[in-house]
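Observations on the model geometry
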Amino acid sequence: MIFKCGPSMCLRPVKVVEMSTQLKIFVAGDVEGNFDQLFSRIKNIQKKSGNFDLLLCVGDFFGTNFMAWESYVKGEKKVPIATLILGPNKFEHTDYYKDNKDGGDLCDNVTYLGKKGTYNGSSGLTIAYLSGTESSEGKSEEINFSQQDVTSLLLPVATDTKFQGVDILITSQWPKGVDRYGIPVGELATTNVGSSLVSQLAINLRPRYHFCGMENVFYERQPYRNHKVLAEKERHVTRFIGLAKLSNTQKKKYLYAFSITPLSSIDQSELTKQTPDVTECPFNMEESKPRQEKESDAQFFYDMTPREEKGKKRQRDKDGGPDRKQIKHKEPTGPCWFCLGSPEVEKHLVVSVGIHTYLALAKGGLVDDHILILPIGHHQSTTSAPSEVIDEINRYKTALNKFFKQIGKSVVFFERNYKTQHLQIQVVPVPIDCVQELKDAFMQCSEEENVELNEIPKHSDLKQIVPSGTPYFYAEIPSGEKLLHRIKKQFPIQFGRDVLSSVQVLNMPERVDWRNCKISKDKEARLAAKFKEDFKQFDLNLD
């Protein structure tokens, strides 16, 4: 088979073995000159499982022992499989590439791909690659890449309306923050690991598989989406795999074997199937779009001025939503009842205070232990709150789930970002025996109110689905299901309470309106004090 370089790359053909439609591929982590160990392992596997079509190597291929390599160059030892490798990550390895700086055969069956590019096989398989590590000075050098290198890779696909993605992306360096929304790597503090430019490459090339080395860990992340749920048509998922060094003594996995049918040969419905464990994309999809303006993250508040009093009709926003007035800052238009530092906040309702968020008893709650999770500072919604606020909200949710489970209850969390100024997550405990009825109750009420309520995937991140400033209603029910309504016109303010007060759930329809549930300040203080005491052992801010 012949692999040909993509446009604007080198035009040198590379010979590898002929492949069938389904390809069997090995990927190895940092070889570091341990060629005999690698090729012996591959020979043994092929004896048992049949021949593979290709070996891809990420991380440092070469080590310091030149003699180990020379025996392959001279033909004294044979490489048992067509092998594609990346360029150097260290200056001491550059001599191995000096005669093939733009890519080429380094010995029989071993080909250096080049610094960057895309290979397209006659089978339809596409392999994109980027050699080296991100330059700290923004320069493109022999062992480093820069923004210019990444941009040159992305520009051809940015204007290609038929581009779906690539089958495989190989880079030595990890993308920054790849474990966000996934299972943590554990061995790595990933906030300090990886390259934001590799993240940008992964977002825009949309690989089905992305392999990296250099960190000496094996990490197979849950698949992540390459589209925004409900906002974009479904695309295939990406599977990220980080591989360990061959020389590791902890028996970490350094060789990954898999089969793949090229993207171009798969039916679209089969290609875009979403796995049960799929998560949101871990990278900021808006920040990484090449040469496109990011969507404004300006805060929106509703302009309640009657339409007849306006000098002219406001233009409705694109999705047919209500008239809105854009405010260029994130401060409330007047005193906020929920900012903890505000004189308006009713501090006798507060039951726990964290670093970024706090818990308070709901005023006019559906039940005595109806709680609110709120940010200490002013943020209007989940979609506009910074990551540290969201992280602490999630920690509070976990603690509240544990607390209510201990007393035999389940929890519903819901948020209405409509005619509100401050983020409020309603926390309503419900009897365990009504959990199975919750989804039906939400759906029945949505049908009666003509509210289109959609179930979104369990690993969804609301920020990836709903742009900042867009009104919505969002609920998480004990079964793990997440329900979302993007508000376009009018929305029943008491929708969440209406569902939970229904016969199927709490059976207290007279408590739909919070104003009918108001109690004295003294009783509020007593209920808050009781909850605070009961919750003490679960409070994430108390030892």
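First things first, this report covers the structure right here in the doc. This structure is a prediction, so every number in the text was calculated from the model and none was measured.

Thoughts on the sheet that holds strand β25 (residues 472-476)
- Spatially, the eight strands line up as an open sheet ordered β19-β20-β21-β23-β22-β25-β26-β24, and their pairing is antiparallel. The open sheet is flanked by β19 (350-353) and β24 (454-456), the only strands paired with a single partner. Averaged over all pairs of adjacent strands, the angle between strand axes in this sheet comes to 25°, irrespective of strand direction.
- With three bridges connecting them, β19 and strand β20 (residues 357-361) associate as antiparallel partners. Bridged to Ser-352 within β20 is Leu-359.

Things to note about the sheet that holds strand β16 (residues 255-260)
- Reading across the sheet, the six strands line up as β6-β7-β5-β4-β3-β16 and stay open at both edges, with mixed pairing between neighbours. The open sheet has two edge strands, β6 (104-107) and β16, and neither has a second partner. Geometrically, the sheet is characterised by an average inter-axis angle of 25° between neighbouring strands, direction not taken into account.
- Of the pairings in the sheet, the one linking β6 to strand β7 (residues 110-112) comprises three bridges and is antiparallel in character. Note that in β7 the partner of Cys-107 across the bridge is Val-110.
- Helix α2 (residues 66-73) rests against β6 and β7 of the sheet, and its axis sits at about 105° to β6.

Points about the environment of Thr-261
- With respect to the helices and strands, the residue Thr-261 is situated in the loop between β16 and α5 (268-271).
- In this structure the C-alpha to C-alpha distance between Thr-261 and Thr-21, which are 240 residues apart in sequence, comes to 6.0 Å.
- Apart from the residues within four sequence positions on either side, Thr-261 is in contact with Thr-21, Gln-22, Asp-167, Arg-208 and Ile-266.

Points about the nonpolar core
- Grouped together as the largest cluster of nonpolar side chains are 33 residues, with contacts concentrated most on Leu-359, Ile-373, Leu-400, Val-427, Phe-531 and Phe-535.
- Ranked by residue count, the leading element in this core is helix α6 (residues 387-406), at eight residues.
- Residues contacting Phe-531, with those up to four places away along its chain left out, are Val-351, Asp-369, Ile-371, Leu-400, Phe-403 and Phe-404.
- Leu-153, Leu-154, Val-166 and Val-217 belong to the second largest nonpolar core, which has 28 residues in total.

Considerations on the pairing of strand β12 (residues 168-171)
- Residues Ile-168 and Ile-170 line one face of β12 and the alternating positions Leu-169 and Thr-171 line the opposite face, and both faces are buried.
- Here strand β9 (residues 126-130) pairs with β12 via four bridges, running parallel. Along β12, the bridge assignment pairs Ile-127 with Ile-168.
- Pairing analysis gives three bridges linking β12 to strand β13 (residues 209-212), with the strands arranged parallel. Note that in β13 the partner of Ile-168 across the bridge is Tyr-209.

Section: the packing of aromatic side chains
- Taken as a whole, this structure holds 37 aromatic pairs when the rule is applied.
- Their ring planes at 45° and their centres at 5.1 Å tell us that Phe-35 and Phe-61 sit as a pair that is tilted. Taken together, the residues span a long stretch of sequence, with Phe-35 in helix α1 (residues 35-49) and Phe-61 in the loop between β4 (54-57) and α2 at a distance of 26 residues.
- We classify Phe-35 as buried; its relative accessible area is 2%.
- What makes Phe-61 buried here is its relative accessible area of 3%.
- Feature note: the residues Phe-35, Phe-39, Phe-61, Phe-62, Phe-66, Trp-69, Tyr-72, Tyr-96, Tyr-97 and Tyr-112 constitute an aromatic cluster, connected by ring pairs.
- Cation over ring: Lys-397 sits above Phe-413, and NZ or CZ is 5.5 Å from the ring centre.

Details of α2
- Taken together, the buried positions of α2 are occupied by Trp-69, Ser-71 and Tyr-72. All buried residues of α2 lie within an arc of 150° about the axis, which places them on one face of the element.
- For α2, the elements touching its buried residues are α1, β6 and β7.
- Looking at where α2 begins, the residue whose side-chain oxygen comes 3.1 Å from the main-chain nitrogen of Met-67 is Asn-65.

Considerations on helix α7 (residues 435-448)
- The end-to-end C-alpha distance of α7, which contains 14 residues, comes to 21 Å, matching closely the 20 Å that a straight helix rising 1.5 Å per residue would cover.
- Within the sequence span of α7, burial applies to Val-435, Leu-438, Ala-441, Phe-442, Cys-445 and Ser-446. All buried residues of α7 lie within an arc of 125° about the axis, which places them on one face of the element. Every exposed residue of α7 that faces more than 90 degrees away from the buried side is listed here: Gln-436, Asp-440, Glu-447 and Glu-448.

A closer look at the pairing of β4
- Alternating positions in β4 separate into two faces, Leu-54 and Leu-56 on one and Leu-55 and Cys-57 on the other, with burial throughout.
- Direction of pairing for strand β3 (residues 23-28) relative to β4: parallel, over a ladder of four bridges. Residue pairing across strands places Ile-25 opposite Leu-54, the latter belonging to β4.
- Between the parallel elements β3 and β4, the chain passes through α1 in a crossover that is right-handed.

Brief notes about the side chain of Arg-221
- The residue Arg-221 is located in the loop between β14 (219-220) and β15 (239-242) in this model.
- No salt bridge is formed by the buried Arg-221; its nearest oppositely charged neighbour, Asp-179, is found at 6.9 Å.
- In terms of polar contacts, Arg-221 uses its side chain to reach the backbone carbonyl oxygen of Val-178, at 2.6 Å.
- Not counting the four nearest positions on each side in its chain, Arg-221 is found in contact with Val-178, Asp-179, Arg-180, Tyr-181, Gly-182, Phe-240, Thr-279, Glu-280 and Pro-282.

The rules behind these values
- Residues numbered from 1 in each chain as written.
- Predicted model: local features only at pLDDT ≥ 70, side-chain atom pairs only at ≥ 80, totals over all residues.
- Heavy atoms only, no water.
- Pairing = 2+ DSSP bridges.
- Helix = DSSP H or I, 4+ residues; strand = E, 2+ residues; numbered from the N terminus.
- Axes fitted to C-alpha atoms, helices over the stretch in contact; angles between N-to-C directions.
- Contact = heavy atoms within 4.5 Å.
- Core = buried A, V, L, I, M, F, W, Y, C linked by side-chain atoms within 4.5 Å.
- Buried < 20%, exposed > 50% of the residue type's maximum accessible area, 1.4 Å probe, protein only.
- Phe/Tyr/Trp six-rings, centres within 6.5 Å; stacked < 30°, edge-to-face > 60°.
- Lys NZ or Arg CZ within 6 Å of the ring centre and 35° of its normal.
- Arc of directions from axis to C-beta.
- Polar contact = N/O pair within 3.5 Å; in protein donor to acceptor, adjacent residues only side chain to side chain.
- Expected span 1.5 Å × (residues − 1).
- Right-handed = clockwise from strand over helix to strand, strands pointing away.
- Lys, Arg positive; Asp, Glu negative; His and termini not counted.
- Salt bridge = Lys/Arg side-chain N within 4 Å of Asp/Glu carboxyl O.

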